[in-house]
Amino acid sequence: MFKFDFQLDEPDDAAAECAQAEPVASGSRCARPCFDVSLDELLAQLPDVISYSPLAHPALTEPLLRRDLFDARFQLATEDGDEDGSVAVSGGALAASSGGDAAPATGNTTAATEDAAVARETTAYVDADTDLIPGVYEGGLKSWEGGLDLVDVLAGSPELAARVAGTRVLEVGCGTALPSAFLLRHVLGAPPSPVGVPTTLHLADYNHLVLSLVTLPNLVLAALPFLPPSLLHPPAEETDVESLVPDAEAAGSLTLTPQLKDAFVVLLRERNVVLRFTYGDWSGLAGRLREEEGDGYGVVLTAETIYQESSVDALVDVLRAAWRADTLMLVAAKVLYFGVGGDLAGFVRRVQATGARVETANEWTRGVGRKVVRLAW
């Protein structure tokens, strides 16, 4: 049995989160195409209220706010699947059929039908006492140490401002998207990028539900300091505007009114920031990136995505497809993932075999070792 033995506390799940999953044999991972889903669609799927907690880190001047895991799971538990495979979500409809999301990259209706079946399986398994169900749910609801390790490295980078503003950022296997939330907060607090040169944050995860349940909520939470204070509490509350700004040091709840969602969209537009969301298998993502016209990504981030040896080649394919000559590409991982077969040394050998150069950006040796490595081709 496999266990993610991370040290990042999830206060909302306590000791019950000793999640396990059976290892999967090499080559048995279920391939899926990738799909794009719009920001408007994900905003429509948000519930009326979310609860959040601050996540402090020595590298941060103030904590990151993240949606509580119990809150996301409660939303999921209250969803009702209808007979045609769609999954009802508070605040909107998560259509798992071909008519709900963007068409699959292949344009194959069979692929859309298969995606609907996986969405139903995800609804059944994502709330289980497990960190991953290979080929169904890849652990994206929880915050893993590697995400904060990336934040640590990014926060200590003197070139961060120049790297991110006006460029394209890709986070592969984003889950709770702590690195992207940190970058969004950084971008919103800096002068806007030049007109016509947007800053694009591209969030990619295996599961659509992860994007709607935690990825987008955490990005909205990252934007709170830059939204009108009067929108940050229920409109029925008669409170002085000065007290409406959430305390970044304390847990709380946020009412996601239509006005707040609209203000979030306006803020992104005014600051020339584009959010893009993709879900599905990495093989489909790599193919999509190669088909698109563009010059790659200025920053590529991925954390805790090498735990399963059978998926490493597909991940490397995505990284190579996103690469350009000046890309800052960071991979955060544990030195060894017990019981599954993934390990950092093996990953490094695989990428070096493709001609990549690998250097250590930072490492942590206490407990099970962790590293952030920088890749370049």
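Because the structure is a prediction, the values reported are computed rather than measured.

> Any chance you could explain the overall build of the chain here in plain terms?
Looking only at helices and strands, the chain features eleven helices and 15 strands. In the chain, once contacts between residues fewer than 6 apart in sequence are set aside, the share between residues at least 24 apart is 77%. Just so you have it, the chain exposes about 15,500 Å², and 53% of that area is on carbon and sulfur atoms.

> What is the right way to read the pattern of salt bridges from this model?
Pairs can form between side chains of opposite charge whenever their charged atoms are close. Throughout the structure, instances matching the rule amount to 13 salt bridges. In this structure, the salt-bridge partner of D71 is R67, at a minimum N-O distance of 2.8 Å. Under the relative-accessibility criterion, R67 is labelled buried at 4%. For R370, the salt bridge goes to D149, with nearest N and O atoms at 2.7 Å.

> I tried to follow the pairing of strand 4 (residues 49-55) on my own but got confused; where do I start?
The side chains of a regular strand alternate, residue by residue, between the two faces of the sheet. Burial of strand 4 is extensive: five of the seven residues sit out of reach of the surface. Where strand 4 lies against strand 5 (residues 64-67), four bridges are found, and the strand directions are antiparallel. By the bridge assignment, S53 is partnered in strand 5 with R66.

> Honestly, helix 4 (residues 145-155) in this entry has me stumped. Any pointers?
Given 3.6 residues per turn, any residue in an α-helix points the same way as the ones three and four places further on. When you tally the buried positions in helix 4, you get ten out of eleven residues, the bulk of the element. When we look at burial in helix 4, the residues that qualify are E145, G146, G147, L148, D149, L150, V151, D152, V153 and L154.

> In this structure, what is going on with unusual backbone geometry? I would like to understand it.
Only a minority of non-glycine residues have a phi that is not negative, and only a minority of peptide bonds are not trans. Positive phi is not limited to glycine here, since A177 has a value of about 60°. Tracing the backbone shows A177 in the loop between strand 8 (168-172) and helix 6 (178-188). By relative accessible area, which is 0% here, A177 ends up buried. The backbone of N272 shows a phi angle near 60°, a positive value even though the residue is not glycine. If you trace the backbone, N272 turns up in the loop between helix 8 (258-270) and strand 11 (273-280).

> Any chance you could explain the nonpolar core here in plain terms?
As a rule of thumb, nonpolar side chains are buried together in soluble globular proteins. Counting 60 residues, the largest nonpolar core has L216, L254, F264, L275 and F277 as the members making the most contacts within it. It is helix 6 that contributes the most residues to this core, seven residues altogether. If near-sequence neighbours (up to four positions away) are discounted, F264 is found in contact with L39, L43, L216, L219, V220, A223, L227 and L275. If you look at the next biggest cluster of nonpolar residues, it comprises 31 residues, including A204, M329, A333 and F347.

> Just checking my understanding: could you explain the packing of helix 4 against helix 6 for this structure?
In a packed pair of helices, the relevant descriptors are the angle between the two axes and the axis-to-axis distance. Running from N to C, helix 4 and helix 6 cross one another at 30°; their axes reach a closest spacing of 8 Å. Accordingly, the angle class assigned to the pair helix 4 and helix 6 is roughly parallel. Contact residues: helix 4 offers G147, L148, L150, V151, L154 and A155, while helix 6 offers L178, P179, F182 and L183. The residue makeup of the contact of helix 4 with helix 6, split by class, is nine nonpolar, one polar and no charged.

Analysis parameters
Residues numbered from 1 in each chain as written. Predicted model: local features only at pLDDT ≥ 70, side-chain atom pairs only at ≥ 80, totals over all residues. Heavy atoms only, no water. Helix = DSSP H or I, 4+ residues; strand = E, 2+ residues; numbered from the N terminus. Contact = heavy atoms within 4.5 Å. Areas by Shrake-Rupley, 256 points an atom, 1.4 Å probe, with all protein chains shown as cover. Salt bridge = Lys/Arg side-chain N within 4 Å of Asp/Glu carboxyl O. Buried < 20%, exposed > 50% of the residue type's maximum accessible area, 1.4 Å probe, protein only. Pairing = 2+ DSSP bridges. Core = buried A, V, L, I, M, F, W, Y, C linked by side-chain atoms within 4.5 Å. Axes fitted to C-alpha atoms, helices over the stretch in contact; angles between N-to-C directions. Parallel < 35°, antiparallel > 145°, perpendicular 65-115°, else oblique. Nonpolar A, V, L, I, M, F, W, Y, C, P; charged D, E, K, R; others polar.

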